[in-house]
Amino acid sequence: MEILSLINEGSKLLKKSKISSHLLDSEILLSTIIKKKREYLILNPKKEISDEESSIFKDLIYKRSLGKPIAYLLGKKDFWKDEFLVSENVLIPRPDTEILIETILKLCNQKKGLRILDIGLGSGCIILSILKEKKDFLGVGIDISKKCVELSRKNTIKMGLENRIKIFKSDIDNFNSGKYDLIVSNPPYINQFDLKNLDRDVVDFEPVLALDGGLDGLLKIKKVIEKSSKLLKKNGKLVIEIAYDQKVMVCKMLNLS
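Described below are features of the structure shown in this document.

Rules and cut-offs
- Residues numbered from 1 in each chain as written.
- Predicted model: local features only at pLDDT ≥ 70, side-chain atom pairs only at ≥ 80, totals over all residues.
- Heavy atoms only, no water.
- Helix = DSSP H or I, 4+ residues; strand = E, 2+ residues; numbered from the N terminus.
- Expected span 1.5 Å × (residues − 1).
- Buried < 20%, exposed > 50% of the residue type's maximum accessible area, 1.4 Å probe, protein only.
- Arc of directions from axis to C-beta.
- Contact = heavy atoms within 4.5 Å.
- Core = buried A, V, L, I, M, F, W, Y, C linked by side-chain atoms within 4.5 Å.
- Pairing = 2+ DSSP bridges.
- Axes fitted to C-alpha atoms, helices over the stretch in contact; angles between N-to-C directions.

**What about helix 4 (residues 51–65)?**
Argument step 1. With 15 residues, helix 4 extends 21 Å from end C-alpha to end C-alpha; this agrees with the ideal 21 Å at 1.5 Å per step.
Argument step 2. Taken together, the buried positions of helix 4 are occupied by S54, F57, L60, I61, R64 and S65. Take helix 4 and look down its axis: the buried residues cluster within an arc of 140 degrees, on one side only. Looking at helix 4, the residues exposed on the side facing more than 90 degrees away from the buried face are D51 and E52.
Argument step 3. Where helix 4 is buried, its residues touch helix 1 (3–16), helix 2 (22–33), helix 5 (70–74) and helix 9 (200–203).
Argument step 4. Once helix 4 finishes, G67 follows within two positions and takes phi at roughly 110 degrees, a positive value.

Set out below in structure tokens:
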């Protein structure tokens, strides 16, 4: 089957399933399968694709039509300046979270040899991106999920950072190791009532453990703040991602209001 015909067929099915990025998703999936850039698809619309590759493409299109995110279908996601391995056991890295990286790099612009803790590291995208930028920083990452820990270790090896970070499976309540110059966290902050209103791609496929912030969305944020007060060095910094409407309450927790 020709490239253009496959793309159009895939796009049509995704559009019918109300996938807004139907054409883009169809192109991304096919380009990944045939190991070519998307530009190749545009320049070679009449190129024949093998039956095996066509079958794989149609299977992925079907799964995408059910709402399964592209990142989970491909097992990878770009974040900051690198490509990270992902699975359905971890939250998909998002562009919004890159603001954490930008903020930390500004805070630590002139700093040397800092020790960083990432609470709830997931894929490891936050702390590994920081360590890649700051060559003399050292890191520790914790997550309650064994599968998150395993995946983040794979990303650590992939990025050649295994000598600069230690990763532990641990609940935040039971972690009491060391003192840190900087603590970073992207904790679950969606309140339980809003979970059902999230996009189908999110609520049906991404891990609830990484989304559910309790009745008011602040349960895990409060835990991170309380633990950070014990683990931060004097003049240490806490950088945390929160929802757009949680600023006032979080400032109260931090005694900033």
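Now that the structure is up, let's keep going.
**Comments concerning the nonpolar core**
Argument step 1. I104, I116, I126, L128, I130 and F137 are the most contacted members of the largest nonpolar core, which totals 25 residues.
Argument step 2. Considering every element that reaches this core, the biggest residue donor is helix 7 (residues 125–133), with six residues.
Argument step 3. In contact with I130, not counting residues within four places along its chain, are I101, I104, I116 and F137.
Argument step 4. One finds L117, I142, I172 and F175 within the second-largest nonpolar core, a separate group that totals 22 residues.

**Here's the deal with the sheet that holds strand 7 (residues 232–240)**
Argument step 1. Here five strands make up an open sheet; going across it, the order is 5-4-3-6-7 and the pairing parallel. Two strands lie at the open edges of the sheet, namely strand 5 (165–169) and strand 7, each paired on one side alone. Strand-to-strand, the axes of this sheet are offset by a mean angle of 20 degrees, without reference to chain direction.
Argument step 2. With four bridges connecting them, strand 3 (residues 115–119) and strand 6 (residues 180–185) associate as parallel partners. In the strand pairing of strand 6, L117 is matched with I183.
Argument step 3. Each of strand 4 (138–143) and strand 5 touches helix 8 (residues 146–158); the most contacted strand, strand 5, lies at about 165 degrees to it.
Argument step 4. Against the sheet, helix 10 (residues 219–231) makes contact with strand 3, strand 6 and strand 7, and its axis sits at roughly 160 degrees relative to strand 7, the strand it touches most.

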